Amino acid sequence: MTNNAALLMKKTVQAAAGLGGIFAASATWAANSKYNFQEPASRMAADIHDLHMWMIWICLIIFVVVFGFMFYSIYAHRKSKGAVAAQFHESTTVEILWTVIPVLILVGMAWPATKTVLAQKDTTNADITIKATGYQWKWGYDYIKGEGEGIAFVSTLSTPRGQLEFGEYPGENYLLEVDNPVVVPIGKKVRILTTAQDVIHAWWVPALGVKQDAIPGFIRDTWFRADREGVFRGVCAELCGKDHGYMPIEVHVVSEEKYAAWVAAQKQKSAAPAAAAAQPAPASAS
Amino acid sequence: MSAVPHDVAHGHDHHDDHHHGPTGLMRWITATNHKDIGTMYLIFSFIMFLSGGVMALTLRAELFQPGLQVVQPEFFNQLTTMHGLVMVFGAIMPAFVGFANWMLPLMVGAPDMAFARMNNWSFWLLPPAAILLIGSFFVPGGATAAGWTLYAPLSVQMGMGMDMAIFAIHIMGASSIMGAINIVVTILNMRAPGMTLMKMPLFCWTWLITAYLLIAVMPVLAGAVTMVLTDRHFGTTFFNAAGGGDPVLYQHVFWFFGHPEVYIMILPAFGIVSQIIPTFARKPLFGYASMVYATASIAILSFVVWAHHMFTTGMPAKTQIFFMYATMLIAVPTGVKVFNWIATMWRGSMTFETPMLFSVGFIFVFTLGGFTGLMLSIAPVDIQYQDTYFVVAHFHYVLVAGSLFALFAGTYYWLPKWTGYMYDEKLGKRHFWLSMIFFNVTFFPMHFLGLAGMQRRVPDYNPMFADFNELATVGAFGFGLTQLLFAYVIIKCIRGGEKATAQVWEGAEGLEWTVPSPAPHHTFEVPPVFEAKGHHH
Amino acid sequence: MLVRLAIAAVGMFGFGFALVPFYEKICEVTGLRNLLVSNASDNAENTQVDTTRNIVVEMDANTHSLAWRFKPLQSNVTVHPGQLVRVDYEIENTLDRAVTGQAIPSYGPKVAERHFRKLECFCFTQQTLGPKEKRIMPVVFVIDGTAPVDMNEITLSYTFFEVAGKG
């Protein structure tokens, strides 16, 4: 009975959200570079990506300069080439210089990083608040505030377990797909509250630039504002026991109209008596 | 001690080449000689290194392809946890203590470690601890699978294997503290006349500072795991919100130990490399004083950066910014060290025997790990790197290419002093190149895996991560097999070979090179005269 | 020698004690201090109601392996700093036996904790619910005027834990 209800709900979600659009967008995951961060889908993720690239460039320049010296020395100052060892072993000027220059470089790194930290921590003025509760080993979601308030569901891995045990070649979204994805509207500030039922989990969606530990007994918050539609996949990022690798996160970012349709469909489901019996009251996790 | 007058003209003549005491097995069980104990430490750590390596290879075999082929998730998690614990507490730390035992008395011109019987005790605590730790695989429920960080409340859920791991950590902690006290006292009180603190070899300095770190933080770890133990069995709620505790408190306490621990594993490596590079560059170490100050600053800073491991736990912005800045600062003294090594090489007259190869390899690859470390210090970006393979790549760059390569370098450097024979240079070089190549094949692709979104500590993954994982597994098996070559080179060298001179290396300086090779059982029973050459005008 | 040893011993002992205020300072500076200090519900110093500011307080409820239904009766309230506010939570024991629970509060963002003054709360004591008992319980609080201006949304969350061994 519950299985049927879940299946029905899933179908409604897909119909309401527009099946084609979402699956076309899910190709972005595969299209991402495999050498770098996933393509950002929020301003925050883009800022993080920029900071990351900035750090890589700085490190690369230091790398070239420092190891340029080292490898030149290895090439030129070897005994087999008749090099005679100099005996210098101190130079206050040089030593001060190579202490001060790194400090200046660090300031250049710290400045943009500080701005991003402050932006990341600014969870105020959210349009929608969703609570993500980590369980061993699934995620529960409660829409607490904003459009869709009262929606609650549990989201589990939908890759069939049989596929895990045998060696058959897995599908594209292997271990990254769930039965009930989180649906959010594009362009709205979504605040994610995290908590957990048993051990520490972490709610992580790379393309949205969010990762927040879910701590049993306490809540923590983070936020994102998606700037393009699509399906964004993430995983639990804190070791939480046996099936740590099997509790993915799937966020569908949709247009406002599709979101409204999804909310209506969800409300209808929970209003239906069968579904109401199958699901506990929204705010109480069992 | 230096007040006692001695005939110090002959530093190293007519000592017994033999020990008087029990022979056979009892020689080792009752050993109080620093060289015997040092040897035992090194053998113990090598055995643990191989055990941890077998665990790592099992992990890599499972990760060769998506899907579960070799082990189940429960056992996979036990292996990741035990690989970490065994390598950190069983392999790297005891190996450095082994070097300290062997070399510190020789370097400072002391006849032995300060507390010889305590030295015996601190070694012989280790095998029971190792048995407890590895034996936990065979109890119901298996070994602990909470990750080497043993985060509560997951560690509170574990079976009996967790309790065994906790006791093992207690015992190893006691061993480390005793070892550290011994090292501090030996260095501070037993230096040869004329060897002031600022004239002693840099390896002694790095170990002195490391020993203080050990004394400061091992009790903290013991406290953290004891709280887990009482939470598990005696109804306390340190890490349980229900009773007013906080799971995040565990992380604070653990990382207060954990970050200095990282430096415990790398500072002696800095010391070894700082001994080797001047020898093969035939040029004194550049910036000796600044090396000492840099080491000390790294150690002090390590006490105020712990929360950078916890950026994702949701700390206030102010906290994040403080720990980000403090962490970034560590790059300065670390940079100074790297610059000093390169300046030591600069305009030297270099040869590249195996110890030098490993040292140069160390600088190169460790610095790559340093760069990723700097990237990880940036809080907002760290939140995306945290608990991914990017972090796995980072800490293997600093622990394998850092600590382990320095240990290899040190082994090749002092092996002729220990055995009296030269090792097979050709095989040594081959060991270096194979290690270097396979190390990078294994761990470099992990950076990409982490950036693309693969989390750590999972047995199975999406097929988009498959090719880099395959590559890493191939590299890991290559790296593992290469270490058998290392064992072969050592055994071959113990058995015989070209006779080593006392000096061994053309450019070697220091008291350890004034005693014959192999170093006699008792050395410096009469304190030698120390005259600083090269450095210090 | 003895004198030097004594000085070293005293110095080290003193250093150990100096670490306490040192790390207290660090925790205070970085905002980690609230880890150790429990919510200061006692000093609700009288502050003016600041009607120029609105703060939305969201209510959240969780149970931790406890067969209770626990929910806020209102999902959020808009309050002014300094204003005394009462909100109600409903709790229901679904079991046929009495169960005792303890609620643990938590705040999002975490720094809000310092500006949240509770005068009355079911979390102050353990709550025992009889078989199938349903109860409405209030929380009375004031958000003090020192709350930062940009803090305009606070989540007040409770997690109920079972107190073992109490029926």
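Cut-offs and rules
Residues numbered from 1 in each chain as written. Chains lettered and ligands numbered in written order. Predicted model: local features only at pLDDT ≥ 70, side-chain atom pairs only at ≥ 80, totals over all residues. Heavy atoms only, no water. Helix = DSSP H or I, 4+ residues; strand = E, 2+ residues; numbered from the N terminus. Buried < 20%, exposed > 50% of the residue type's maximum accessible area, 1.4 Å probe, protein only. Contact = heavy atoms within 4.5 Å. Areas by Shrake-Rupley, 256 points an atom, 1.4 Å probe, with all protein chains shown as cover. Salt bridge = Lys/Arg side-chain N within 4 Å of Asp/Glu carboxyl O. Polar contact = N/O pair within 3.5 Å; in protein donor to acceptor, adjacent residues only side chain to side chain. Buried area = accessible area lost by both parts, 1.4 Å probe. Nonpolar A, V, L, I, M, F, W, Y, C, P; charged D, E, K, R; others polar. Pairing = 2+ DSSP bridges. Axes fitted to C-alpha atoms, helices over the stretch in contact; angles between N-to-C directions. Disulfide = S-S within 2.5 Å. Parallel < 35°, antiparallel > 145°, perpendicular 65-115°, else oblique. Left-handed = near helix turned anticlockwise from the far one by under 90°. Domains from an automatic or database assignment.

Asker: Got a minute to help me understand the overall build of chain A in this structure?
Answerer: Broken down by element type, chain A carries eight helices and ten strands. Burial status across chain A gives 53% buried among its 286 residues. Taking all contacts inside chain A whose residues are at least 6 apart in sequence as the whole, residues at least 24 apart take part in 66%. Here chain A has roughly 11,800 Å² of accessible surface; of this, 65% comes from carbon and sulfur atoms.

Asker: Would you mind showing me how to read the interface of chain A and chain C here?
Answerer: By a frequent convention, interface size equals the accessible area lost on bringing the separate parts together. With 24 residues of chain A at the interface, the matching set in chain C holds 29 residues. Put simply, chain A and chain C have five salt bridges between them. In this structure, Asp60(C) engages Lys131(A) in a salt bridge whose closest nitrogen and oxygen atoms are separated by 2.7 Å. At the boundary of chain A with chain C, the tally comes to 15 residue pairs in polar contact (both at pLDDT 80 or more). Within the residue set of the side of chain A that touches chain C, elements represented by two or more residues are β1 (128–135), β2 (138–145), β5 (190–196) and β8 (220–224) of chain A. In terms of residue count, the dominant contributor to the side of chain A that touches chain C is β5(A) (four residues).

Asker: Explanation requested: the interface of chain B and chain A in the structure shown.
Answerer: In this assembly, 96 residues from chain B lie in contact with 88 residues from chain A. For the pairing of chain B and chain A, the buried interface totals around 8,000 Å² over both sides, and the portion due to carbon and sulfur atoms is 68%. Viewed at the interface, chain A and chain B are joined by one salt bridge. Ionic pairing is found between Lys79(A) and Glu506(B), a salt bridge with its closest N-O pair at 2.8 Å. Put simply, chain B and chain A have 27 residue pairs in polar contact (both at pLDDT 80 or more) between them. The element contributing the most residues to the side of chain B that touches chain A is helix α13 (residues 331–345) of chain B, with nine residues. Residue composition of the side of chain B that touches chain A, by class: 57 nonpolar, 28 polar and eleven charged.

Asker: Whenever I open this one, the sheet that holds β1(A) confuses me. Can you help?
Answerer: The strands that make up a sheet are held in pairs by hydrogen bonds between backbone atoms, and each pair lies either parallel or antiparallel. Residues and elements named next belong to chain A. The mixed open sheet is built from five strands, whose spatial order is β3-β2-β1-β5-β8. The sheet is open, and its two borders are formed by β3 (152–155) and β8, each paired with just one other strand. For this sheet, the mean angle separating the axes of adjacent strands, direction not counted, is 25°. Judged from the four bridges that link them, β2 and β3 form a sheet pairing that is antiparallel. Looking across to β3, one finds that Gly-140 is bridged to Val-154.

Asker: How should I be thinking about the pattern of salt bridges in this particular structure?
Answerer: This model, assessed by the stated rule, comprises 21 salt bridges over all chains. Of the charged contacts in the structure, one is a salt bridge between Glu250(A) and Arg233(A), with a shortest N-O distance of 3.3 Å. Of this pair, Glu250(A) sits in strand β10 (residues 249–254) while Arg233(A) sits in strand β9 (residues 230–236); the two residues are 17 residues apart in sequence, bridging distant segments of the chain. On the basis of relative accessible area, Glu250(A) is assigned to the buried category, the value being 7%. Assessed through its relative accessible area of 2%, Arg233(A) is described here as buried. A single network of salt bridges, built from pairs that share partners, joins Lys145(A), Arg191(A), Asp221(A), Glu58(C) and Glu153(C).

Asker: Would you mind going over the state of the cysteines with me for this structure?
Answerer: Structurally, a disulfide amounts to a covalent bond that connects the sulfur atoms of two cysteines. Applying the stated criterion across every chain, the model contains one disulfide over all chains. One disulfide bridge connects Cys121(C) with Cys123(C), the sulfur atoms lying 2.3 Å from each other. An S-S torsion of about 130° defines the bridge between Cys121(C) and Cys123(C) as right-handed. When its relative accessible area of 8% is taken as the criterion, Cys121(C) is described as buried. Between Cys240(A), a cysteine without a disulfide, and Cys236(A), which holds the nearest cysteine sulfur, the sulfur-to-sulfur distance is 3.8 Å. The class of Cys240(A) is buried, set by a relative accessible area of 0%.

Asker: Just checking my understanding: could you explain the packing of helix α2 (residues 34–62) of chain B against helix α4 (residues 116–124) of chain B for this structure?
Answerer: For any two helices packed against each other, one specifies the inter-axial angle together with the distance between the axes. Residue and element names in this part refer to chain B. Contact geometry of α2 with α4 gives a least axis separation of 10 Å together with a crossing angle of 10°. Overall, the two elements α2 and α4 adopt an arrangement that is roughly parallel. When the axes of α2 and α4 are compared, the crossing they make is left-handed. Two secondary-structure elements touch here, α2 through His-34, Ile-37, Met-40, Tyr-41 and Phe-44 and α4 through Ala-116, Asn-119, Asn-120, Ser-122, Phe-123 and Trp-124. Of the residues that constitute the contact of α2 with α4, the class distribution is seven nonpolar, four polar and no charged.

Asker: Would you mind showing me how to read the domain arrangement of chain C here?
Answerer: Each assigned domain of chain C is listed with its residue range as follows: domain 1 (2–43) and domain 2 (55–162). Taking the mean C-alpha position of each, domain 1 of chain C and domain 2 of chain C sit 34 Å from one another.

Asker: I tried to follow the sheet that holds strand β4 (residues 84–93) of chain C on my own but got confused; where do I start?
Answerer: Residues and elements named next belong to chain C. What the four strands build is an open sheet, ordered β2-β4-β8-β6; its pairing is antiparallel. One side of each edge strand has no neighbouring strand; the edge strands of this open sheet are β2 (68–72) and β6 (116–121). Neighbouring strand axes in the sheet, compared pairwise and without regard to direction, differ in orientation by 25° on average. With five bridges joining them, β2 and β4 adopt antiparallel strand pairing. For Arg-69, the partnering residue across the bridge sits in β4 and is Glu-92.

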